[in-house]
Amino acid sequence: MNSVSEGFAWYKELDLSKIDDEDRYRLLEHVVEKIGRHRVQEALSISRSNMWRLLKRQIRLNDDKLRIILDFLSPEELQDVLGSRRLLESLGIIRRDGTVNYPIIIEILKEASSDEYLKQLIIRFVVENFREDLKRFMGYSVMNIELRWSEDFEKWLTERKSKPISKRTLRDYKSVFTDCLEGRRLSNELLKQLEKRIIICNSGKERSTSWIRQILRHYVRYLYAFGQLDWDDYSRLLLVIPGRRYGRKLSQKPIRADDVLKTIKTVRERRPDIYTLYLIILFSGIRFEHVLNALKTWSPDEELYVSYLSRNIKRLECLETHCKYYLGKERDIKPAGFMFFPRNLLQLIEEYRNKIPNKRRIEKVAIDKLGLLPPSLIRTFALREMKNALGDNDVYRFIVGKFGELTVSARHYMDLLKEADNVYVKYMMHIRTLGLF
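Keep in mind the model is a prediction, meaning the values are calculated, not measured.

Right, let's talk about the packing of aromatic side chains for a bit. Here the structure, examined in full by the defined rule, presents 16 aromatic pairs. Both rings, one in Phe153 and one in Phe177, keep their centres 6.1 Å apart while their planes meet at 50°; by these two values the pair is tilted. Of this pair, Phe153 sits in helix H10 (residues 151–160) while Phe177 is found in helix H11 (residues 167–180), placing the two residues 24 residues apart along the sequence. Assigned by exposure class, Phe153 and Phe177 land together as buried.

Structural data, given as structure tokens:
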């Protein structure tokens, strides 16, 4: 029997000799509870009697069998079962005597120089947990630059910036800058004021500091691009000026898994075209309208050049377990996402993509005629379940296309895409355990 996913090859880094027998049995019991005794027995290629003896802890779970068990676990599940400290011991980061293996830590930090995603994780952790120490260390109070809106700054925002802004956004930026930053100095005092949620600007109005901080970060990048800041000052300022957070709470309306299951079963039996659409929403977390548009303009063989990535992208790319369909256009100047879905959905998509009705008709059939959940609530359910399965992190936000909630450079984009391929299988498994597919 094949393992669940070769994407979970992370366990090969573990020192299995440091996982004692008690922990091995706990891992076995967790996997049996997760996928069932029969599947575990088949995977281990042992008899029923030996399976019974393993569960009764009468025979040892050797390294070969342990590797098979680890195939069915994600790193997060291993951490839940063993605990963080045991996991770090298994990886050799913490020694048995409780001391930290500093050479390994140093090597991990060195790796960040060539791994953009790891570097961003480390920087974010340091900024969020050691902000005051960071400020004292960097001594940003030496900054004393006067802030002035200029034509050069406008051109940089609309033409030279990696993700140029629209004319409407430019007007908003200029209004905020003129009211709150014009003529002020980039100093310790200003940065302390921007740490607050609200600031009183020149007009006497109270404004949220989130937009002001975002504009100030753009201004710092502009100064660096025009040689008015050196690299050290530039990197220091970006670290101590937090960016704007775009996060939105998911709908608080309760959505029961039984209602989702009823909806999926009903459309599967009565409307296989709408069933196909609902499955894509459930597995991708993509908006209803975006899925409809993707199916309407379906062109799996297309290959297009994406300028902000400086590379060609295949519209449809399939791995062994799943596929991803690029939703962007060739002339896009901002990042676009992929529509992830299980590979075995391809046949349904090819069969029904030209038969799926328009948005209004789908809502009328699903809600009014059949009394089922609308596509919007299927998406909300999917977002909740994906967050539960994968965690509230950049990879989750990347998969569902929430690019407003993270900063995506071209290199970071490709790192996230690779990581998304590795963890998406976990969400597929989660949906199947709910009996939805």
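Here we come to unusual backbone geometry. Even without being glycine, Ser45 reaches a positive phi, approximately 55°. Looking at the element boundaries, Ser45 is found in the loop between helix H2 (37–44) and helix H3 (48–55). Among the residues examined, Ser45 registers a relative accessible area of 63% and is labelled exposed. Its identity as a non-glycine residue notwithstanding, Arg57 has a phi of 60°, on the positive side. Turning to its location among the elements, Arg57 is positioned in the loop between H3 and helix H4 (63–70).

As a further point, take the sheet that holds strand S8 (residues 322–326). Strands sit in the order S7-S8-S9 across an open sheet of 3 strands; the sheet is antiparallel. Looking at strand neighbours, the two that pair on one side only are strand S7 (316–318) and strand S9 (338–342), the edges of this open sheet. Looking at each pair of strands side by side, their axes are set apart by 20° on average, direction ignored. In this sheet, S8 lies alongside S7 in antiparallel orientation, the contact comprising 3 bridges.

Counting residues in each nonpolar core, the largest one holds 69 residues, and the members touching the most others are Leu277, Leu282, Trp298, Met339, Phe341, Ile399 and Tyr427. Trp298 has contacts with Leu316, Tyr325, Met339, Phe341, Leu346, Ile349, Glu350 and Arg353, leaving out every residue within four places of it along the chain. Judged by nonpolar contacts, the second largest core, of 31 residues, contains Trp156, Leu181, Leu194 and Ile215.

Another aspect to go through is a positive patch on the surface. A surface patch of like charges, here positive, comprises Arg270, Arg361, Lys364 and Lys369. Among the elements that make up the positive patch, the one with the highest residue count is helix H19 (residues 359–369) (3 residues). As for its placement among the helices and strands, Arg361 is situated in helix H19. Given the relative accessible area of 39%, Arg361 is considered partly exposed.

What counts, and where the lines are drawn
Residues numbered from 1 in each chain as written. Predicted model: local features only at pLDDT ≥ 70, side-chain atom pairs only at ≥ 80, totals over all residues. Heavy atoms only, no water. Phe/Tyr/Trp six-rings, centres within 6.5 Å; stacked < 30°, edge-to-face > 60°. Helix = DSSP H or I, 4+ residues; strand = E, 2+ residues; numbered from the N terminus. Buried < 20%, exposed > 50% of the residue type's maximum accessible area, 1.4 Å probe, protein only. Pairing = 2+ DSSP bridges. Axes fitted to C-alpha atoms, helices over the stretch in contact; angles between N-to-C directions. Core = buried A, V, L, I, M, F, W, Y, C linked by side-chain atoms within 4.5 Å. Contact = heavy atoms within 4.5 Å. Patch = residues over 30% accessible without salt bridge, like charges linked within 9 Å, V, L, I, M, F, W, Y side chains within 5 Å. Areas by Shrake-Rupley, 256 points an atom, 1.4 Å probe, with all protein chains shown as cover. Salt bridge = Lys/Arg side-chain N within 4 Å of Asp/Glu carboxyl O. Lys, Arg positive; Asp, Glu negative; His and termini not counted. Charge placed at Lys NZ, Arg CZ, Asp CG, Glu CD.

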